[in-house]
Amino acid sequence: MDKNWLVLLQQNHLDKVVGTNQVTGQYGLVLTEQDAELILEERKNALREQQRVEFGEGIVPKIIYEFCDSDYIDQNNYVHTIVRLQEIFYQYKNEMEDEITDDELLHLMKGQFEHLCFGDLEYLESTCLANFAQAIRSGYDGYKGTGGYGEYSKFDDVKRWDYELYLETLKELCWR
């Protein structure tokens, strides 16, 4: 009898993850039951690694719904990307000392993933979120008014590609 509630809880989590297909299917993204089991198994590993506990349905459905319309996710990389995003999410909940809400972190992650990282999970993890976590640990709380939208540009210290600068440099190179 003791294990029955645990089995029911696990089945409920599995049903919720597979249930995301109703929304994600319109973007060409569908999880099989085996995909969902893998994602949930990796969730347990990530929680254990980050020494976190999660109650309720967990963050997986929220990650799926937040990222399902991404230009950088397709059926071929869908499961891997969701697994990596949940690992990154838990890591940075810790790094930001739980100062940021789940939704704020997800909005921040999605914005950077789409507009700055162009789908590069490594860059999202090692640069964008690392810089933002440092700002939060230093006391920055300006993200609270924005819900996490459009925040990273305040901390981005990388010089981005500039079309005008490109043309100027090209002209210089051509006239030499």
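The structure this text deals with has already been given above.
Reading guide: rules and limits
- Residues numbered from 1 in each chain as written.
- Predicted model: local features only at pLDDT ≥ 70, side-chain atom pairs only at ≥ 80, totals over all residues.
- Heavy atoms only, no water.
- Axes fitted to C-alpha atoms, helices over the stretch in contact; angles between N-to-C directions.
- Helix = DSSP H or I, 4+ residues; strand = E, 2+ residues; numbered from the N terminus.
- Parallel < 35°, antiparallel > 145°, perpendicular 65-115°, else oblique.
- Left-handed = near helix turned anticlockwise from the far one by under 90°.
- Contact = heavy atoms within 4.5 Å.
- Nonpolar A, V, L, I, M, F, W, Y, C, P; charged D, E, K, R; others polar.
- Salt bridge = Lys/Arg side-chain N within 4 Å of Asp/Glu carboxyl O.
- Buried < 20%, exposed > 50% of the residue type's maximum accessible area, 1.4 Å probe, protein only.
- Core = buried A, V, L, I, M, F, W, Y, C linked by side-chain atoms within 4.5 Å.

Draft legend 1. Quick peek at the packing of helix H5 (residues 78-95) against helix H7 (residues 121-137). With their axes 10 Å apart at the nearest point, H5 and H7 run at an angle of 20° to one another. Between H5 and H7, the interaxial angle falls into the category roughly parallel. Our pair here, H5 against H7, has a crossing hand that is right-handed. Each of Thr81, Arg84, Leu85, Ile88, Gln91, Tyr92 and Glu95 in H5 lies in contact with H7, whose residues at this interface are Leu121, Glu122, Leu124, Glu125, Leu129, Ala130, Ala133 and Arg137. Split by residue class, the contact of H5 with H7 holds eight nonpolar, two polar and five charged.

Draft legend 2. Layout of the pattern of salt bridges. Using the criterion set out here, one finds nine salt bridges in the structure. With a shortest N-O distance of 2.5 Å, Asp69 and Lys110 are connected by a salt bridge. With a gap of 41 residues between them, Asp69 in the loop between helix H4 (60-67) and H5 and Lys110 in helix H6 (residues 102-115) connect regions that are remote in the sequence. Judged by its relative accessible area of 39%, Asp69 falls in the partly exposed class. A cluster of three or more residues bridged by salt bridges with shared partners is formed by Arg52, Lys93, Asp98 and Asp102.

Draft legend 3. Structural view of the side chain of Gln50. Along the chain, the position of Gln50 falls in the loop between helix H3 (33-49) and H4. When near neighbours in sequence (up to four residues on either side) are disregarded, Gln50 contacts Tyr90, Gln91 and Asn94.

Draft legend 4. Region of the structure containing the environment of Tyr123. Summarising the element assignment, Tyr123 is placed in helix H7. Sequence separation between Tyr123 and Phe113 is 10 residues; the distance between their C-alpha atoms is 8.6 Å.

Draft legend 5. Representation of the nonpolar core. By size, the foremost hydrophobic cluster in this structure holds 42 residues, and its most contacted members are Met96, Leu105, Met109, Leu124 and Leu129. Among the elements that make up this core, the one with the highest residue count is H5 (nine residues). Among all residues touching Met96, those that are not within four sequence positions of it are Leu105, Leu108, Leu129, Phe132, Ala133 and Ile136.

Shape is all these values report; function is a separate question.
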